[in-house]
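Below are the chains, spelled out letter by letter.
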Amino acid sequence: MRTSALALTVLSAGLLATATGCSGASPASTPAPQKSVAAAPVAAATTAAPAPDAASVTRQLAAAGLPVRLTVTYDAGSDPNGKLGRPHQYTGKTAFDDTRVSSLEKAAADASKGRRDSISYGGTVEVFATSEDAQGWADYIDKAQQAMGGLMTPDYILRKGPVVVRVSHLLSAEQAKAYEAAL
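Residues numbered from 1 in each chain as written. Predicted model: local features only at pLDDT ≥ 70, side-chain atom pairs only at ≥ 80, totals over all residues. Heavy atoms only, no water.

A. Fine view of helix α5 (residues 131–147). Spanning 17 residues, α5 covers 24 Å between terminal C-alpha atoms, matching the ideal 24 Å at 1.5 Å per step. Where the residues of α5 are buried, they touch β3 (122–127), β4 (156–160) and β5 (163–167). After α5 finishes, the residue G149 shows a positive phi value of roughly 55 degrees. (Helix = DSSP H or I, 4+ residues; strand = E, 2+ residues; numbered from the N terminus. Expected span 1.5 Å × (residues − 1). Contact = heavy atoms within 4.5 Å.)

B. Main features of the sheet that holds strand β2 (residues 92–98). Taken in spatial order, the five strands make up an open sheet running β1-β2-β3-β5-β4, and their pairing is antiparallel. Where the open sheet ends on each side, the last strands, each with one partner, are β1 (68–73) and β4. The average undirected angle you get between the axes of adjacent strands in this sheet is 20 degrees. Bridge count between β4 and β5: five bridges; the pairing is antiparallel. Bridging from a neighbouring strand, Y156 pairs with V167 of β5. Across the sheet, helix α2 (residues 54–63) touches β1, β2, β3 and β5, and the angle it forms with β2 is around 25 degrees. Against the sheet, α5 makes contact with β3, β4 and β5, and its axis sits at roughly 170 degrees relative to β4, the strand it touches most. (Pairing = 2+ DSSP bridges. Axes fitted to C-alpha atoms, helices over the stretch in contact; angles between N-to-C directions.)

C. Seen up close, the nonpolar core. Counting 18 residues, the largest nonpolar core has L61, F96, V125, V165 and Y179 as the members making the most contacts within it. At the level of secondary structure, the elements contributing two or more residues to this core comprise α2, β3, β5 and α6 (173–182). (Core = buried A, V, L, I, M, F, W, Y, C linked by side-chain atoms within 4.5 Å. Buried < 20%, exposed > 50% of the residue type's maximum accessible area, 1.4 Å probe, protein only.)

D. Seen up close, the packing of aromatic side chains. Tallying each qualifying case throughout the model produces four aromatic pairs. Seen in terms of ring centroids, Y90 and W137 are 5.7 Å apart; in terms of plane orientation they differ by 75 degrees. Their pairing is edge-to-face. Within this pair, whereas Y90 is found in the loop between β1 and β2, its partner W137 is found in helix α5, the two being separated by 47 residues in sequence. Overall, the relative accessible area of 6% leaves W137 in the buried class. The structure contains a cluster of three or more aromatic residues connected by ring pairs, namely Y90, F128, W137 and Y140. (Phe/Tyr/Trp six-rings, centres within 6.5 Å; stacked < 30°, edge-to-face > 60°.)

E. Representation of the pattern of salt bridges in the model. On inspection of all chains with the given rule, the structure shows four salt bridges. A salt bridge links E126 to K93; the shortest N-O distance between them is 3.3 Å. You can see E126 sitting in strand β3 and its partner K93 sitting in strand β2, a full 33 residues away along the chain. In this pair, the class of E126 matches that of K93, namely buried. Counted as one network, the salt bridges with shared partners bring together K93, E126 and R166. (Salt bridge = Lys/Arg side-chain N within 4 Å of Asp/Glu carboxyl O.)

Nothing here speaks to function; it is all geometry.
Here it is in structure tokens:
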């Protein structure tokens, strides 16, 4: 028993020396500690680019060749949802016409109260402060559309970073993919 206790003590001392960075040498042979120099603060490797504004995203869609015409840039007073600028909601919103659907009778029939800014005429761009807020909004809209079941045809919901673009259900899947590519 004494041999195994002695071996355990020697092993423990060796592990302690290794864990604390000591070599097991006597204190007299240990080099003097080096003067520590404080490192300069390191800047964040990546900085989040500011979110674009909704009007510039809408212009980007048009510049990508989509048949888009900006119809409304909302402010807090004109936002039909009353969410513009509220915590975790969009910080900018626009509506646009897509000429492939805005002239259709079906677009007029689907538009609520005949408003020319209805998604049925083209779509909306909603910009959020964070990607997480944008994802939350996209998920919320998707669940609301699913809850309607067969009572409505869901619009397309596209998201990239802090931007949510919703486009009319009157577009084909291929046409909606062109919006996704333009984002």
